[in-house]
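Inside the fold
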Amino acid sequence: MNLALISYGVGAAAFIALFTILAIGYRNRPVGGMLLFAVAVNAGWLAVSAYDSYADYFLPLFVQLLETFRDGVWYAFLFHTLGFNFKFHGFTRRLIVLVFLLVLLQGGLLIGFSWLEWLLGAKLSHEIVLVGQILLAVIGLMLVEQLLRSVPRDKRWAIKYLCFGLAALFVYDFFLYADALLLQVVDTGVWSARGLANAMVVPFIAVSAARNPQWSPDVYVSRRMVFHTATFLGAGLYLLAMAGAGYYVRHFGGSWGIMAQAVFLFAAALLLLSLLSSGQLKAKLRVFISKHFFNYKYDYREEWLHFISMLSEDSSIPLGERVTRAVAQIVESPGGVLWQPKEKYYVPTSVWNFPFPEGLMEPKQSAFLQFLREREWIVEKGAEGEAAHLAPLPEWFNRLHKLWLIVPLIHRESLVGFLVLARSQARVALDWEDRDLLRTTGREAASYLAHQEAAEQLAQAQQFAAFHRFSAYVVHDLKNLIAQLSLLVRNAAYHKHNPAFIDDAVQTIHHAVQRMQRLMSQLRSTGEEERQEIFDVLVLARELVKHYAAQRPRPEVEGEDKDFIRIRANRERFKSIVGHLIQNAQEATFPEGRVILRISREKGIVRIEVEDSGQGMDPTFVRERLFRPFDSTKGLTGMGIGAFEVQEYIQGIGGDIEVHSSPGKGTCFVLRIPQGNVGRSRTEEVKEAVS
């Protein structure tokens, strides 16, 4: 097996991948261009070295020259990062010129020795070449040290991994050539491992490139990808170590070796599965990666999308539990409790992975809640220094040892609740980034809770409004019934011996009883859909004319007598609606006037008109006040609900209503209602009536 080929091949592949990432994010920045060129040259040198390990006839001189060129390119990148260039004067310029003269001298020595060996046909000593390579490695280390030293301490995090990686490359080169100079031969194993050593440097360069926007502004590595990659590499290294240890156990175990190896590998696999499934270990690894490999601790885009997704997930899970879980998982908390206001106290209302704390409450006016409301402070148990809380903690928070954080939920400067979270699995102290993210997500969660509370209050208000509107309809019908019965009682003293009056009185009482029974039925089935039926409007109109015939002017009906005109609605409710229009028309018209109930059809629509020759109404009143509830022109005798009820019901069954009126000329209410079951025959109707 050609180990050198594998080693240099892996190194070349790693640097090619790094070059691809940097090239995608390159935006014509000078430092970024130098880094891109240096990575490309390093990848080329590794690829050529791999080919040299594969092909015996390849010229090693080209490999050595390319290695020297690689060193010179890295020097140029380091000088450029330090801010040095050939425009400098004095010592700095002379230093730069000297370094690149040494690189050129080393290349010349390589070419000269190769030419002499070809000319003389003998192997020459290469001590001076090895000394040159050692010197180049030392120069590289000096430049890396100078770069790390020149950067302010608070900004070293941006380049320290690049310095570590390049320093490792130059240290490896120094060891390789120093060992060759001492032993007069290059160690084959150290030379073969050089490619893998270069591959290990790639992540360090990538991290520094991501931390320096001026090098590569669009380079982005997902935290999730880094986490899974680190887990995969860690598992691979663990398995390699266990395999080596298993081989050692088998080799020195004698007759028990095979059994001992099997038991050892089985135990190692169980341990690996336990580690991979450990939530605490994963939490610590995420914190370590975010802290040491990225500019910021959180990927805010991913955190925000995940947070909103959790709040908006399946509504079968209560919102309080979703809020608690979403905020808790930001800081790797295993559970929490949501507190919300109820009357005079804040009490626990929802929990996630936490036992429900029965009997706990916090007064709304307590100093602690006032502090949360005013400061929006993230309270952390055991915090010190600037992060320490400034208000006395509740007694229950100190008593429960698992509790760790209190996160206020503020919406429009109002404390809609607060979250109490359990101790984080990563067991780390919060910094300013954690607190800002918790404060922001707390406000978003508070808006969800406030919206839910407002929606519940709106639904409750709508239920009360529907009940009050229905109650107004009932009271309005009762008022009309009372008016009819009162008129009957007043006239009874004068006409009680008149048989015709008695017949009309019985009919009026019968009608009143039917309407009251209908009202009672509606009261018992409030909220249920009214029973719909198909009926003939002309038959209903004749019944209404007969019922209101006792009052002047007597209503008249005009319609088509040749066929049936049917609609689909609740018959008794519709009869009450049209009856109200007739009664209003009679009250607004002098006894010698006219009230006409006109029924016709037009293109599948039933047109019902209630027209009178009464006082009429002003157009402004019709437009602005007629259909407004509780607005009446009848003084104490009216409720202002009749016209509103007519409009609501007609629109509710799919129709519409128009009003044409002029003062002194009368009023005409026009109802347009969809026709029902036009195609049914008279025979079908008779069969239905009989059944």
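Residues numbered from 1 in each chain as written. Predicted model: local features only at pLDDT ≥ 70, side-chain atom pairs only at ≥ 80, totals over all residues. Heavy atoms only, no water.

Brief notes about the overall build of the protein
This is how it is decided: Helical segments are the DSSP runs of H or I of at least four residues, strand segments are the runs of E of at least two, and each set is numbered from the N terminus. The rule is simple: take the accessible area with a 1.4 Å probe, protein chains only, and divide by the maximum for that residue type; under 20% is buried, over 50% is exposed, in between is partly exposed. Between two residues, a contact is recorded if the distance between any of their heavy atoms is within 4.5 Å.
Within the protein, the regular secondary structure consists of 22 helices and 13 strands. Within the protein, the proportion of its 691 residues that are buried is 41%. Long-range contacts, defined as pairs at least 24 residues apart, comprise 66% of the intrachain contacts of the protein with a sequence gap of at least 6.

What about the packing of aromatic side chains?
Let me state the cut-off plainly: When the centres of two rings from Phe, Tyr and Trp lie within 6.5 Å, Trp using its six-membered ring, the rings pair. Their planes under 30 degrees apart give stacked, over 60 give edge-to-face, and anything left gives tilted.
One pass over the full model with this rule turns up 15 aromatic pairs. Taking the centre distance of 6.3 Å and the plane angle of 50° together, the rings of Y8 and W191 count as tilted. Here Y8 is found in helix α1 (residues 3–25), whereas its partner W191 is found in helix α7 (residues 188–192), with 183 residues between them in sequence. For Y8, a relative accessible area of 0% gives the class buried. Here W74 and F77 contribute two aromatic rings whose centre-to-centre distance is 6.0 Å and whose plane-to-plane angle is 80°, an arrangement assigned as edge-to-face.

Focus on the environment of P394
Its place among the elements puts P394 in the loop between β4 (379–380) and α15 (395–399). We classify P394 as buried; its relative accessible area is 6%. For the pair P394 and F368, spaced 26 residues apart in sequence, the C-alpha to C-alpha distance is 7.1 Å. When neighbours within four sequence positions are excluded, P394 is seen to be in contact with E362 and F368.

Overview of the nonpolar core
For soluble globular proteins, the rule of thumb is that nonpolar side chains tend to be buried together. To keep it simple, the criterion reads: To form a nonpolar core, buried Ala, Val, Leu, Ile, Met, Phe, Trp, Tyr and Cys residues must be joined to one another through side-chain atoms within 4.5 Å.
Within the largest apolar cluster, 47 residues are counted, with the highest numbers of intra-cluster contacts made by F15, L35, W74, Y75, L166 and I205. Mapped onto this core, the elements with two or more residues apiece are α1, α2 (30–54), α3 (60–82), α4 (91–120), α5 (127–150), α6 (160–183) and α8 (194–211). Per-element tally for this core: the top contributor is α2, with 11 residues. Beyond its immediate sequence surroundings of up to four residues, I205 is in contact with F15, L18, L35, W74 and L162. Judged by nonpolar contacts, the second largest core, of 37 residues, contains L581, V606, I608 and M617.

Topic: the sheet that holds strand β8 (residues 555–558)
Heads up, the rule is: Two strands pair under a simple rule: DSSP has to find at least two bridges between them. In this analysis, axes come from line fits to C-alpha atoms, helices being fitted only over the stretch in contact, and the angle between any two N-to-C directions falls in the range 0 to 180 degrees.
Strands sit in the order β8-β10-β11-β13-β12 across an open sheet of 5 strands; the sheet is mixed. Since the sheet does not close on itself, it has two edges, and those belong to β8 and β12 (656–662), each with one partner. This sheet shows a mean twist of 15° between the axes of neighbouring strands, independent of strand direction. The pairing of strand β11 (residues 605–612) with strand β13 (residues 666–674) spans 8 bridges and is classified as antiparallel. The partner of E611 across the bridge, within β13, is C668.

Here we look at the sheet that holds β4
Spatial strand order, β3-β2-β1-β6-β5-β4: 6 strands in an open sheet with antiparallel pairing. Each edge of the open sheet carries a strand with a single partner, namely β3 (362–363) and β4. Where strand β1 (residues 336–342) meets strand β6 (residues 414–422), 4 bridges bridge the pair, whose relative direction is antiparallel. Residue pairing for β6: W339 is matched across the bridge by F418. Packed on one face of the sheet, helix α13 (residues 319–328) meets β1, β2 (345–352) and β6 and runs near 75° to β2.

Remarks on the packing of helix α19 (residues 571–587) against helix α21 (residues 642–652)
Heads up, the condition is: Working definition: roughly parallel below 35 degrees, roughly antiparallel above 145 degrees, roughly perpendicular at 65 to 115 degrees, and oblique for all remaining angles. Working rule for handedness: look at the near helix, and if it is turned counterclockwise from the far one by less than a right angle, call the crossing left-handed; if clockwise, right-handed. Throughout, the ten residues Ala, Val, Leu, Ile, Met, Phe, Trp, Tyr, Cys and Pro are labelled nonpolar, Asp, Glu, Lys and Arg are labelled charged, and all others, Gly among them, are labelled polar.
For the pair α19 and α21, the least separation of the axes is 10 Å and the interaxial angle reads 140°. As far as their axial angle goes, α21 and α19 are oblique. Viewed along their axes, α19 and α21 form a crossing whose handedness is left-handed. Across from R573, F574, I577, H580 and L581 in α19, the residues of α21 making contact are G642, A643, E645, V646, Y649 and I650. Its residues assigned to classes, the contact of α19 with α21 comprises 7 nonpolar, 2 polar and 2 charged.

Here we look at helix α12 (residues 300–311)
This is how the line gets drawn: One fewer than the residue count of a helix, multiplied by 1.5 Å, yields its expected span. The arc refers to the directions leading from the helix axis to the C-beta atoms.
Taking 1.5 Å as the rise per residue, α12 with 12 residues should run 16 Å; its terminal C-alpha atoms sit 16 Å apart, in good agreement. The set of residues buried in α12 consists of F307, M310 and L311. All buried residues of α12 fall inside an arc of 100° around its axis, so they share one side. Counted as exposed and oriented over 90 degrees from the buried face of α12: R301 and L305.

Topic: the environment of V190
Mapped onto the fold, V190 is located in helix α7. Given the relative accessible area of 16%, V190 is considered buried. Taking the C-alpha atoms as reference points, V190 and F175, 15 residues apart in sequence, are found 9.0 Å from one another. Excluding its chain neighbours within four sequence positions, the residues that come into contact with V190 are Y172, F175 and L176.

Comments concerning the side chain of E362
Just so we agree on the cut-off: As used in this structure description, the phrase polar contact means that two N or O atoms lie within 3.5 Å; if the pair is within protein, one of them must be able to donate a hydrogen and the other to accept it, and residues adjacent in sequence are counted only when both atoms belong to side chains.
Secondary-structure assignment places E362 in strand β3. Within polar-contact distance, the side chain of E362 engages the side chain of S366 at 3.0 Å. Residues contacting E362, with those up to four places away along its chain left out, are W339, Y345, Y346, F368, L369, P394 and W396.

Details of the confidence of the model for the protein
How we decide: Note on scores: pLDDT gives the predictor's confidence for each residue, bounded by 0 and 100.
In this model, the protein carries an average pLDDT of 77, and 73% of its residues clear a pLDDT of 70 or more. Per-element confidence in the protein ranges from a low mean pLDDT of 42 for helix α22 (residues 682–690) to a high of 93 for β6. Under a pLDDT of 50 for its full length, residues 678–691 has, in the predicted model, 7 contacts with residues more than four places off or in other chains.

Overview of the packing of α5 against α6
Axis separation between α5 and α6 bottoms out at 9 Å; the angle between their running directions is 160°. With respect to α6, the element α5 is oriented roughly antiparallel. Crossing handedness for the pair α5 and α6: left-handed. Between α5 and α6, the contacting residues are E127, L130, V131, Q133, I134, A137, V138, G140, L141, V144, L147 and L148 on the first element and K160, C163, L166, A167, F170, V171, D173, F174, Y177, A178, A180 and L181 on the second. Considered class by class, the residues forming the contact of α5 with α6 number 19 nonpolar, 2 polar and 3 charged.

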